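The residues making up each chain are set out below.
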Amino acid sequence: MSQTPPAANSPLANAHAQLAAAVDHLGYDAGLHAHLQTPRREAHVAVPLRTDSGDLKLFRGYRVQHNISRGPAKGGLRYSPDVDIDEVRALAMWMTWKCAVVDIPYGGAKGGVDIDPGEHSQRELERVTRRYTSELMPLLGPNTDIMAPDMGTDEQTMAWVMDTYSVAVGHTTPAVVTGKPIAVGGSLGRAEATSAGVVQATEAALRERGEKIVGKTIAIQGFGKVGAHAADIFAAKGARVVAVSDVHGGVRAEGGLDVARLLLHVAATGTVVGFDGGDPCSNTEILALDVDVLVPAAKENVLDEVTAATVRAPLVVEGANGPTTTAGDAILTRNGITVVPDILANAGGVVVSYFEWVQATQYFWWTAAEVAQRLEQRMVTAFGAVAELAQRDGLTLREAANVIAVKRVAEAHQLRGLYP
Ligand code: GLU
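Notes on the structure follow.

Rules used throughout
- Residues numbered from 1 in each chain as written.
- Predicted model: local features only at pLDDT ≥ 70, side-chain atom pairs only at ≥ 80, totals over all residues.
- Heavy atoms only, no water.
- Helix = DSSP H or I, 4+ residues; strand = E, 2+ residues; numbered from the N terminus.
- Rg over C-alpha atoms; globule rule 2.2 N^0.38 Å.
- Buried < 20%, exposed > 50% of the residue type's maximum accessible area, 1.4 Å probe, protein only.
- Contact = heavy atoms within 4.5 Å.
- Pairing = 2+ DSSP bridges.
- Axes fitted to C-alpha atoms, helices over the stretch in contact; angles between N-to-C directions.
- Phe/Tyr/Trp six-rings, centres within 6.5 Å; stacked < 30°, edge-to-face > 60°.
- Lys NZ or Arg CZ within 6 Å of the ring centre and 35° of its normal.
- Near = heavy atom within 4 Å.
- Polar contact = N/O pair within 3.5 Å; in protein donor to acceptor, adjacent residues only side chain to side chain.
- Areas by Shrake-Rupley, 256 points an atom, 1.4 Å probe, with all protein chains shown as cover.
- Nonpolar A, V, L, I, M, F, W, Y, C, P; charged D, E, K, R; others polar.
- Core = buried A, V, L, I, M, F, W, Y, C linked by side-chain atoms within 4.5 Å.
- Parallel < 35°, antiparallel > 145°, perpendicular 65-115°, else oblique.
- Left-handed = near helix turned anticlockwise from the far one by under 90°.
- Patch = residues over 30% accessible without salt bridge, like charges linked within 9 Å, V, L, I, M, F, W, Y side chains within 5 Å.
- Salt bridge = Lys/Arg side-chain N within 4 Å of Asp/Glu carboxyl O.
- Lys, Arg positive; Asp, Glu negative; His and termini not counted.
- Charge placed at Lys NZ, Arg CZ, Asp CG, Glu CD.

**Observations concerning the overall build of the protein**
Phase 1 of the analysis: Along its length, the protein carries 13 helices and 12 strands.
Phase 2 of the analysis: For a compact globule of 420 residues, the expected C-alpha radius of gyration is about 22 Å, and the protein comes in at 20 Å, within 12% of that figure.
Phase 3 of the analysis: The dimensions of the protein, computed from C-alpha atoms along their principal axes, are 55 × 55 × 45 Å.
Phase 4 of the analysis: Here the protein holds 420 residues, and 58% of them are scored as buried.
Phase 5 of the analysis: At a minimum sequence separation of 6, the contacts of the protein that also span at least 24 residues come to 68%.

In structure tokens:
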């Protein structure tokens, strides 16, 4: 393992620590550990942009294919000014375990460009997306590497990736991306799939304790693609969403927020801040509220050794990727808090990405009800297997999820053997 060690407490350091724990539990040797940790392929590309005003700007782009032992590389594309290669490596590794824990036939990948999408016009974002895709052409394809939206990207971004790829190969290839608009081969139910999965994971965790979702109080940090839909679904199931926040701040109401009205406010203003149906609440305060369920659905490393100690919710369901640091995780465990880990809790997105890819490959589309029912079945099965192993071996749900995932990937690798 000759890679430079990741910065302490970085998402990659956390991902490495989680893998090391699983490898230790499974009794794998150092060679297999190195193989499981090291990305299979990495691309670093320069992404130049001619801005609308005629200036030249340069961004850095990455695509990491962490592992392809179980199938094509799969994972999102993130646009954020903080993106760097180590963050993309961590997110790609988590995709490998995520696909394995819900048993879909993919490896893991992630892409990123260090651009702030809020600072650019749609035309500029289109040029950046097309140039990035074009630089990565040799790596992409419906059987090799399939992108999807992540933070800062959306359905439109995927339509541009799909079009750029399709024009280059000379035929329309809807299965090269997932999370694309329905009109160009997207799947019903994909847009809200991650959130639906988060709610199903929450319900499964509550069922383990003999409890139900109805009447439960929920706090959600992050009101983007994952958090906003989750709030809506939680409310529809009779839970009380008592606080939400986004990058600008948060809002809380002990009796429960009127989520439908809040969504209208966000559509009109772009933020939850200023909503008249509650009181202001900061992004740190929201983590410490006395609620039944806390859903961190924003970004990495928000539950660290300081904030984790303030958590009062008995159940944390990770909507974001990597929201808890290694030190934060130890504190939550010590305090008896159950954590449904990211690779399980937010896997609904990639599960329906898989369904979208299957449909797009066969040019045969399913009904919304079929998608929803198959998603729930996968989430419930995966949760059950993780909870059972956790119980049997005295592990946390995170440890158990990682053990199941790492074992599946190692098994595929060992059965295939090494070439030459
Ligand atoms: N970006 C999402 C994730 O982190 C979805 C990935 C996908 O659908 O490929 O899980």
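Structure's up, so let's keep going.
**What to know about the sheet that holds strand S9 (residues 279-281)**
Phase 1 of the analysis: Spatially, S9-S8-S7-S6-S10-S11-S12 is the arrangement adopted by the 7 strands of the open sheet, whose pairing is mixed. Strand pairing shows two members of the sheet lacking a second neighbour, S9 and strand S12 (338-340), which therefore form its edges. The sheet shows a mean angle of 20° between the axes of neighbouring strands, taken without regard to direction.
Phase 2 of the analysis: Along the sheet, helix H7 (residues 225-236) makes contact with strand S6 (217-221), strand S7 (240-246) and strand S10 (293-296), crossing S6 at roughly 170°.

**Topic: the packing of aromatic side chains**
Phase 1 of the analysis: As enumerated under the stated definition, the model contains 6 aromatic pairs in all.
Phase 2 of the analysis: Ring centres of tyrosine 106 and tryptophan 357 lie 5.2 Å apart, and the angle between their planes is 65°; this geometry places the pair in the edge-to-face category. Pair noted here: tyrosine 106 is in the loop between helix H3 (85-101) and strand S4 (108-113) and tryptophan 357 is in helix H11 (residues 348-362), with a separation of 251 residues, a long-range link.
Phase 3 of the analysis: In this structure tryptophan 357 comes out as buried when scored by relative accessible area, which is 15%.
Phase 4 of the analysis: Relative to phenylalanine 355, the ring of tyrosine 354 has its centre 5.9 Å away and its plane inclined at 45°; by these criteria the two rings are tilted. Of the two residues, tyrosine 354 and phenylalanine 355, neither departs from the other in class, the shared state being buried.
Phase 5 of the analysis: Joined through ring pairs, the aromatic side chains of Tyr106, Tyr354, Phe355, Trp357 and Trp366 make up one cluster.
Phase 6 of the analysis: When the ring centre of tryptophan 366 is taken as origin, the NZ or CZ atom of arginine 374, which lies over that ring, is 4.2 Å away.

**Quick notes on the site of the ligand**
Phase 1 of the analysis: With respect to spatial proximity, 14 residues lie near the ligand, and among them Lys74, Lys98, Pro149, Asp150 and Ser353 are the closest.
Phase 2 of the analysis: Note that an oxygen atom of the ligand is positioned 2.6 Å from one of the side-chain N or O atoms of lysine 98.
Phase 3 of the analysis: Starting from 290 Å² of accessible surface for the ligand in isolation, the protein chains cover 94%.
Phase 4 of the analysis: For the shell around the ligand, the class distribution of residues is 4 nonpolar, 5 polar and 5 charged.

**A few points about the side chain of serine 195**
Phase 1 of the analysis: On the secondary structure map, serine 195 appears in helix H6 (residues 193-208).
Phase 2 of the analysis: For serine 195, the side chain forms a polar contact with the main-chain oxygen of lysine 225, separated by 3.4 Å.
Phase 3 of the analysis: Those residues in contact with serine 195 that sit more than four places away from it in its chain are Lys225, Val226, His229, Ala230 and Ile233.

**Here's the deal with the nonpolar core**
Phase 1 of the analysis: Residues Trp97, Ile220, Phe234 and Val340 are the most contacted members of the largest nonpolar core, which totals 87 residues.
Phase 2 of the analysis: Counting 24 residues, the second largest nonpolar core, distinct from the first, contains Val47, Ile115, Leu140 and Met158.

**Concerning the packing of helix H12 (residues 368-393) against helix H13 (residues 397-416)**
Phase 1 of the analysis: The contact between H12 and H13 brings their axes to 8 Å, and the two run at 110°. When the axes of H12 and H13 are compared, the pair comes out roughly perpendicular. Once H12 is placed against H13, the crossing between them reads as right-handed. Two secondary-structure elements touch here, H12 through Phe383, Ala385, Val386, Ala387, Leu389 and Ala390 and H13 through Leu397, Ala400, Ala401, Val403 and Ile404.

**Structural notes on the pairing of strand S8 (residues 249-252)**
Phase 1 of the analysis: Pairing of S7 with S8, which is carried by 4 bridges, proceeds in the antiparallel orientation. Following the sheet pairing, serine 245 is matched in S8 by glycine 250.
Phase 2 of the analysis: Connecting the antiparallel pair S7 and S8 is a turn made up of 2 residues.
Phase 3 of the analysis: Looking at chain direction, S8 and S9 are connected through 3 bridges and run antiparallel. Paired with glycine 250 across the bridge in S9 is cysteine 281.

**Focus: the sheet that holds strand S2 (residues 56-67)**
Sheets are built from strands that pair by backbone hydrogen bonding, the pairs being arranged parallel or antiparallel.
Phase 1 of the analysis: The 5 strands lie next to each other as S1-S2-S4-S3-S5, forming an open sheet whose pairing is mixed. Edge positions in the sheet fall to strand S1 (41-50) and strand S5 (145-149), since each of these pairs with one other strand and no more. Across this sheet, the average inter-strand angle for adjacent strands is 20°, counted without regard to direction.
Phase 2 of the analysis: As defined by bridge partners, S2 adjoins S4 across 6 bridges and the pair is classed as antiparallel.

**Description of a negative patch on the surface**
Phase 1 of the analysis: A cluster of acidic residues, Asp82, Asp84, Asp116 and Glu119, forms a negative patch on the protein surface.
Phase 2 of the analysis: Summarising the element assignment, glutamate 119 is placed in the loop between S4 and helix H4 (122-136).

**A look at the pattern of salt bridges**
Oppositely charged side chains can form a pair if their charged atoms are brought close together.
Phase 1 of the analysis: Evaluation of the coordinates by the stated rule reveals 23 salt bridges.
Phase 2 of the analysis: For the salt bridge of arginine 89 with glutamate 42, the shortest nitrogen-to-oxygen distance reads 2.6 Å. Of the two residues, arginine 89 is situated in helix H3 and glutamate 42 in strand S1; the sequence distance between them amounts to 47 residues.
Phase 3 of the analysis: Owing to a relative accessible area of 15%, arginine 89 belongs among the buried residues under this scheme.
Phase 4 of the analysis: With its nearest N and O atoms 3.9 Å apart, the salt bridge here joins arginine 398 to aspartate 342. Taken together, the residues span a long stretch of sequence, with arginine 398 in helix H13 and aspartate 342 in helix H10 (residues 342-345) at a distance of 56 residues. Comparing arginine 398 with aspartate 342 shows no difference in burial state: the two are buried.
Phase 5 of the analysis: Overlapping salt bridges, with partners in common, bring together Arg78, Glu87, Lys110, Asp150 and Glu300 in one network.

Everything listed here is a matter of coordinates, which is why it stays silent on function.
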